[in-house]
Amino acid sequence: MKPIRAPYCFSGGIHPVYSKDLTRSAPIQTLPCPPQLVIALSQHLGAPAVAIVKAGDSVSGGQRLADPAGVISAPIHAPTSGKILRIEPAPTPLGRPVPAIILEPDGHDTWDSPLTPMPDWSRLDRKSLAGQVGAAGVVGMGGAGFPTQVKLSPPADKPIDTLIINGAECEPYLTGDHRLMLERAEALWQGAAIIRYILGAKTVHIAIEDNKPDAIQALESARTLEDAAVCILKTSYPQGSEKQQIYSVTGRVVRTGGLPMDVGCVVENVGTTLAVWDAVVNGRPLVSRTITVSGDAVAAPANFLALIGTPFAALVDACGGARGRIAKIISGGPMMGFAQASLDVAMSKTSSGLLLLSASRVPGFTSQPCIACGRCLDACPMGLMPAELSQCIEADDIDAAEHLFVMDCFECGSCAFVCPAHRPLVQHMRRAKAIILARRRAAIKK
Amino acid sequence: MKPQSSADLHIVSSSPHAHSGASVSRIMADVLIALVPAFAAACWFFGWDAIRLTAACVTACLASEWLCRKAMRRDNTLSDLSAVVTGVLLAFNLPPALPTWMAVAGSVVAIAIAKQTFGGLGYNPFNPALIGRAFLLISCTGPMTTWSASAWRGADALTTATPLGLVKEALKAGQPLPFTLTQDMTWNFFIGNMNGCIGEVSAAAILLGVAYLLFRRVITWHVPVAYLGTAVLYAVILRFTSANAMPVSFHLFTGGLMLGACFMATDMVTTPITRSGLLLFGVGCGLLTMVFRTVVNGAYPEGVSFAILIMNAFTPLINRATKRQPFGAKSP
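> Describe the overall build of chain A, listing the residues and the values that go with them.
From N to C terminus, chain A includes 13 helices and 18 strands. Rg of the C-alpha trace for chain A: 21 Å, near the compact-globule value of 22 Å for 446 residues, within the 12% margin. The principal-axis extents of the C-alpha atoms in chain A amount to approximately 60 × 55 × 50 Å. Here the analysis covers contacts within chain A between residues at least 6 apart in sequence; of these, 72% occur between residues at least 24 apart.

Dropping the structure here:
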């Protein structure tokens, strides 16, 4: 199939300044191994992994360091060979310190992966392939970190017919997925084929925003699969959001509280798809990822292939250091990323970007009362009423917020981006969601 | 971790870390820019009085805002420019010969009572400028409905009354209509060559301003279109059913309808937040305005201010009634 234009587009959305030119044409460089890796035991959604090594152990690259704890969890592997110095709480990009394995690489990078390569995957059964993906510690690399094995094992009553590979990369600054689509187009299609096989799906779409014509071109020329097509999305934030993208590509609507599999879809990020390919074809666990280091306070913005656990400071050094004074450090993109207090934090499986911004890009604002302009209603891709929600939450009326569907908010930040009163809308939503989740947990315990 | 000096500290805040650059003061500045043509028309037709009233209202509004915030020990909000907008809009709703002290009194009521007692911008249920006008209309009915010929520099007939006032008086007295609308008259009404409140006379200037607001996406089309559309529809039906009805263009271009529909009923704070709610709001304003003009035999020829104020009161209800269902909500 020739590239197709997405037949639909979600309503709402915004057009931020993308600033992707900084790294759009920067090929992915392999970052040399840093002197120390800080490998957090919780890099995914779900229960933290349980360490199976102890301080003083010598490990080889690819060796399993931690076992998954339960179904919604993922194992963690050694990115290179070396010695375990200690296991201690360390700061993570999400803010909360979690136990982490401190690994001192020995510089030999001796590799001993517990996984068997499966280049003849099409003759194997789906379950063992999904098991291989799980054993490789693959999680959603777009940001959420949901264990991929779980996504690839839908229940029998939820048949999947469409696989969407998410190459929208709608966050400003980030170009890692863009570079992967340009540089590893063939492996990406193969990864898509593997996932389609595991799911028993019929159609594959690689969804790309129309601001990446070269990626569309590259994937189109590398395409050999049947019943597969590049799907061109209108450039609009947040096209990369799962529910919005499913609607844009297929016109199917995931109901409130529902999952993509309810409408026969699975969405996998570009990086995740390549990690699946690596795990299945090469027997290589997920121990590295691409990360964009960008922003106006970086001397030479770049895209790196870096080992999981690489400290942010090492990434900045590889870019020639900071340029001028850094006002804000962001792990991820500017819309949904997490501000960091320092560079003394290590990247995880979900770190798609590291941004250093100068004060000129970080204007300080005082929040004002809502003037009911309604711009947040126009921007919200979930059709919520952020203005009303934030006023309820400000008044501590969490029940009202629940009735206004606050749990459907996925914190894309479009509302706060357009708000002329600079109201901390996303922060309000987060607070309400946290309170509601805590209440629900307490109710279950009772 | 090495100890950090304050120079190493970074800003940590909730996402998003990017902003469109929109601000309340920019929105207010856009409204002021959009009011420039109407102000120019006011100066042209009413001369010094237009400047006198506008300056008095803006100064009094700013002073009241500053004093109220000071008295309430709240932060100074002069820079959001909303007090300036209120001042200009109130002035535009005043007759040219109104004494300065009355304009000042109206401004104080608008800011101190209609706005700051509720907590300031964003919390006021009613349009402050319209409350100021309504206050003056009720307490100074004479000066607010007197149109002296000397204050008006335009040419032609109709000097001591507004066209709308003349028609209303005639209808109330059961007399035939005072004049038939000629093409020439319609043109004069459109450009604003008639007596009336200083900022409301020129439909042409107001439409120019509203085009700017729409272009800048400060307002959406919903309220002006629904408001004017309803009024036009009402006038058309009236024209077909009553012998004594004025033409549609007369209703459209005279009185405060154009200023109200474009600048007063589009105030964000006091109007609904949903698009469907805005349509409903506009329709309500249009209906009430025409009912006040043609059905109610009250003291005032005009009903725009009261129509909008009444609809302001319905805003929370309309918001509730037009609540949106989120993307993927289970269909009822």
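> Describe the sheet that holds strand 1 (residues 4–5) of chain A, listing the residues and the values that go with them.
Residues and elements named next belong to chain A. The strand order across the open sheet built from five strands is 1-12-11-10-13, with neighbouring strands paired in parallel fashion. Each edge of the open sheet carries a strand with a single partner, namely strand 1 and strand 13 (265–269). Note that strand 10 (residues 162–166) and strand 11 (residues 203–209) share five bridges and pair parallel. Across the sheet, residue Leu163 finds its bridge partner in strand 11, namely Val204. Its contacts with the sheet place helix 5 (residues 213–222) against strand 11 and strand 12 (228–233), and it is angled at close to 170° to strand 12.

> Account for the nonpolar core, with residues named and values stated.
Judged by nonpolar contacts, the single largest core of 240 residues is most densely connected at A:Ile39, A:Ala192, A:Leu315 and B:Cys57. If one sorts the elements of this core by residue count, helix 1 (residues 24–46) of chain B sits on top with 12 residues. Structurally, this core is a two-domain feature, drawing no fewer than three residues from each of domain 1 (4–10 + 116–281) and domain 2 (375–445) of chain A. Once residues within four sequence positions are removed from consideration, A:Leu315 is found in contact with A:Leu31, A:Ile291, A:Val293, A:Phe304, A:Ala306, A:Thr310 and A:Leu354.

> Hey, could you go over the packing of helix 1 of chain B against helix 9 (residues 203–215) of chain B for me, with residue numbers and the actual values?
Geometry of a packed helix pair, given as the angle between the helix axes and the separation of the axes. Residue and element names in this part refer to chain B. Following both chains from N to C, one finds helix 1 and helix 9 inclined at 165°, their axes separated by 8 Å at the closest point. Relative to helix 9, the element helix 1 lies roughly antiparallel. When the axes of helix 1 and helix 9 are compared, the crossing they make is right-handed. Seen from helix 1, the contacting residues are Asp30, Val31, Ile33, Ala34, Leu35, Pro37, Ala38, Ala40 and Ala41; seen from helix 9, they are Ala205, Ile206, Leu208, Gly209, Val210, Tyr212 and Leu213. Looking at the contact of helix 1 with helix 9 residue by residue, the class counts come to 14 nonpolar, one polar and one charged.

> Tell me about the pairing of strand 12 of chain A, and name the residues and values.
All names here are of chain A. Where strand 1 and strand 12 come together, two bridges link them in parallel fashion. Of the residues in strand 12, the one forming a bridge with Arg5 is Ile232. By the bridge criterion, six bridges tie strand 11 to strand 12 in an arrangement that is parallel. Paired with Glu209 across the bridge in strand 12 is Leu233.

> Hey, could you go over the packing of helix 5 (residues 128–139) of chain B against helix 14 (residues 304–321) of chain B for me, with residue numbers and the actual values?
Residues and elements named next belong to chain B. Between helix 5 and helix 14, whose axes approach to 10 Å, the crossing angle comes to 130°. As the angle between them shows, helix 5 and helix 14 are arranged oblique. Of the two elements, helix 5 crosses helix 14, and the hand of that crossing is left-handed. Where helix 5 approaches helix 14, its residues Leu130, Arg133 and Ala134 are matched on the opposing element by Ser305, Phe306, Ile308 and Leu309. Of the residues that constitute the contact of helix 5 with helix 14, the class distribution is five nonpolar, one polar and one charged.

> If you had to explain the domain arrangement of chain A to someone new, which residues and values would you point to?
Think of interface size as the accessible area that goes away when the parts come together; that is how it is often given. Domain parsing of chain A yields domain 1 (4–10 + 116–281) and domain 2 (375–445). Each partner contributes residues to the interface: domain 1 of chain A has six residues there, and domain 2 of chain A has six residues.

> Requested: an account of the interface of chain A and chain B, with residues and values cited.
In this complex, chain A contributes 51 residues to the contact, which on the side of chain B involves 34 residues. Looking at the side of chain A that touches chain B, the elements with two or more residues in it are strand 16 (328–331), strand 17 (338–340), helix 12 (414–418) and helix 13 (425–445) of chain A. Split by residue class, the side of chain A that touches chain B holds 34 nonpolar, 10 polar and seven charged.

> Can you explain the sheet that holds strand 15 (residues 302–307) of chain A? Please cite residues and give values.
By definition, the strands of a sheet pair up through backbone hydrogen bonds, in either a parallel or an antiparallel sense. All names here are of chain A. Pairing is mixed across the open sheet formed by six strands, whose spatial order is 2-15-14-18-16-17. This sheet does not close on itself; its edge strands, each paired only once, are strand 2 (28–30) and strand 17. For this sheet, the mean inter-axis angle between neighbouring strands, taken without regard to orientation, is 30°. Strand direction decides the pairing type here: strand 16 and strand 18 (residues 353–357), joined by four bridges, are antiparallel. Opposite Ser331, over in strand 18, you have Leu354 as the bridge partner.

What counts and what doesn't
Residues numbered from 1 in each chain as written. Chains lettered and ligands numbered in written order. Predicted model: local features only at pLDDT ≥ 70, side-chain atom pairs only at ≥ 80, totals over all residues. Helix = DSSP H or I, 4+ residues; strand = E, 2+ residues; numbered from the N terminus. Rg over C-alpha atoms; globule rule 2.2 N^0.38 Å. Contact = placed C-beta atoms within 7 Å. Pairing = 2+ DSSP bridges. Axes fitted to C-alpha atoms, helices over the stretch in contact; angles between N-to-C directions. Core = buried A, V, L, I, M, F, W, Y, C linked by C-beta atoms within 7 Å. Buried ≥ 20, exposed ≤ 12 C-beta atoms within 10 Å, placed from the backbone. Domains from an automatic or database assignment. Parallel < 35°, antiparallel > 145°, perpendicular 65-115°, else oblique. Left-handed = near helix turned anticlockwise from the far one by under 90°. Nonpolar A, V, L, I, M, F, W, Y, C, P; charged D, E, K, R; others polar.

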